[in-house]
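Examining the three-dimensional arrangement
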Amino acid sequence: MKRMLKRILVVLLVLILLAVAGFGVLYAGRLRTVNSIEQITAYDDYNLYRMDVKYDYSIDDVINYGITDNQSMIDAILKETLPLLPVHMKAPNYGCSAFATVSDRNILMGRNILMGRNYDFKRDTSAMLVYCTPKDGYKSVALAALDNISANQPDISMAKKLACLTAPFICLDGMNEKGVSITVLTLDSEPVNQSTGKQKIFTTLAIRLVLDRAATTQEAVDLLDSYDMFATSGRDYHSLSLMQAAMPACWNMTRSRRPPAALDIHAGHHEFLRLLCLQGDSQTRKCIYGHGKERYDAIMEVLAMRDPDGDIPADIAWKALQAAAQDPSPNDVTSNTQWSLVYDDTDLTAQIVIRRKWGDVIHYDLNTNEIDG
């Protein structure tokens, strides 16, 4: 009897050790990832952080989970990023302004393709600069709103740090090593939940797909067209994608590859500008532009100051973002600009400002994954 009990205890011990070892292997890369979290700014409770993703995630596994609604989206993300550990996460809401343009460099160097973007949302949030180097994809940098995972101060506990493992799948804009950048903006239309028989993806997973797998804007459009879309958080969305050697392409949840005609602007030779100022809340729609016309007008007023026969330099792009930035307003969900940035798809660099701190520009280089504050 004692011999049998010893054998049972040995088997149980072996099983426990195997389980511990398996857990260690499963979370080794994840622990290296959370240990890479670094605070970049020191303003108040809401700051810019950075994180290098060092674990192997699978976009296909997230898609294959079976996404039908907000809860299944959350379950899919958590199953992939935090297996065996329960972490609460809510579906993100957001509003924003964005534009893409050409910046005149010089005759020898050619021209830079720029994307300017404001992320506007009434609740204050910290931002996470997420650097990904997937084995089967392109390296990229992207920004995630940490308030969406209740981790505005990720360094105060291990639980908050572990929540940040979901960041690759909740990014709101980004740029990859091929010079493809993408951002998402909210629309005033009805949320889309397509069911044409294709596998279904959700709003921010579309951004991760493009960053990891698209080497051109056309590849981004074709990639997104190959899936059905579920628009999260009770809103509809629009994506703007562009690359260094091509004109911008637009894609929204209803499969149209362009925004309303009133928001398309062509000016000057060899210049293409796509301006999006589509904001949320159907109760405050204005004119034919929808909620956000005032941001459109503010940006256009600044851009009109450029040489009519020339391109738009980065400093004018920044002035346009400042003109469209929003102060806090508790009654407007798309007020309160949380971050502003300019992605340079040619040089693979980014300039970032957090919460309208215009005098404090953070410079990031995707080529080296280095920050120069």
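Cut-offs and rules
- Residues numbered from 1 in each chain as written.
- Predicted model: local features only at pLDDT ≥ 70, side-chain atom pairs only at ≥ 80, totals over all residues.
- Heavy atoms only, no water.
- Helix = DSSP H or I, 4+ residues; strand = E, 2+ residues; numbered from the N terminus.
- Buried < 20%, exposed > 50% of the residue type's maximum accessible area, 1.4 Å probe, protein only.
- Contact = heavy atoms within 4.5 Å.
- Areas by Shrake-Rupley, 256 points an atom, 1.4 Å probe, with all protein chains shown as cover.
- Pairing = 2+ DSSP bridges.
- Salt bridge = Lys/Arg side-chain N within 4 Å of Asp/Glu carboxyl O.
- Axes fitted to C-alpha atoms, helices over the stretch in contact; angles between N-to-C directions.
- Parallel < 35°, antiparallel > 145°, perpendicular 65-115°, else oblique.
- Left-handed = near helix turned anticlockwise from the far one by under 90°.
- Nonpolar A, V, L, I, M, F, W, Y, C, P; charged D, E, K, R; others polar.

So, about the overall build of the protein. For the protein, the count of helices and strands is eight helices and 18 strands. Going through the 373 residues of the protein one by one, you find that 55% of them count as buried. Partitioning the intrachain contacts of the protein with sequence separation of at least 6 by distance along the chain shows that 68% fall at a separation of at least 24. Surface summary for the protein: the accessible area is close to 15,900 Å², and the carbon and sulfur share equals 54%.

Time to look at the pairing of strand S7 (residues 171–176). Burial within S7 is extensive, with six of its six residues counted as buried. Relative to S7, strand S6 (residues 140–145) runs antiparallel, the two sharing five bridges. Bridge pairing in S7 links Val141 to Met175.

Counted according to the given criterion, the structure contains nine salt bridges. The partner of Asp124 in a salt bridge is Arg355, and the shortest N-O contact between them spans 3.7 Å. Pair noted here: Asp124 is in the loop between strand S4 (110–120) and strand S5 (127–132) and Arg355 is in the loop between strand S16 (349–354) and strand S17 (362–365), with a separation of 231 residues, a long-range link. Under the relative-accessibility criterion, Asp124 is labelled partly exposed at 25%. Judged by relative accessible area, Arg355 falls into the buried class, the value being 14%. When the shortest N-O distance is used, the salt bridge between Arg208 and Asp212 registers 3.0 Å. Of this pair, Arg208 and Asp212 both sit in helix H5 (residues 203–213), separated by four residues, roughly a single helical turn. The same class applies to Arg208 as to Asp212, namely buried. Linked through salt bridges whose partners overlap, the residues forming this network are Asp44, Asp124 and Arg355.

This next bit is on the packing of H5 against helix H6 (residues 217–225). In a pair of packed helices, the angle between the axes and the distance between the axes together describe the arrangement. The geometry of H5 relative to H6 is characterised by a closest axis approach of 10 Å and an angle of 135 degrees between their N-to-C directions. When the axis of H5 is compared with that of H6, the two are oblique. H6 is crossed by H5, and the crossing has right-handed handedness. On H6, the residues touching Ala206, Leu209, Val210 and Arg213 of H5 are Glu219, Ala220, Leu223 and Leu224. The residue inventory of the contact of H5 with H6, partitioned by class, reads six nonpolar, no polar and two charged.

Take the environment of Leu129 next. Counting through the fold element by element, Leu129 comes out in strand S5. Relative accessible area serves as the criterion here: at 5%, Leu129 is assigned to the buried category. Along the chain, Leu129 and Ala142 lie 13 residues apart, while their C-alpha atoms are 5.7 Å from each other. The residues contacting Leu129, other than those within four sequence positions of it, are Leu48, Tyr49, Arg50, Met51, Val141, Ala142, Leu143, Ile352, Tyr364 and Ile371.

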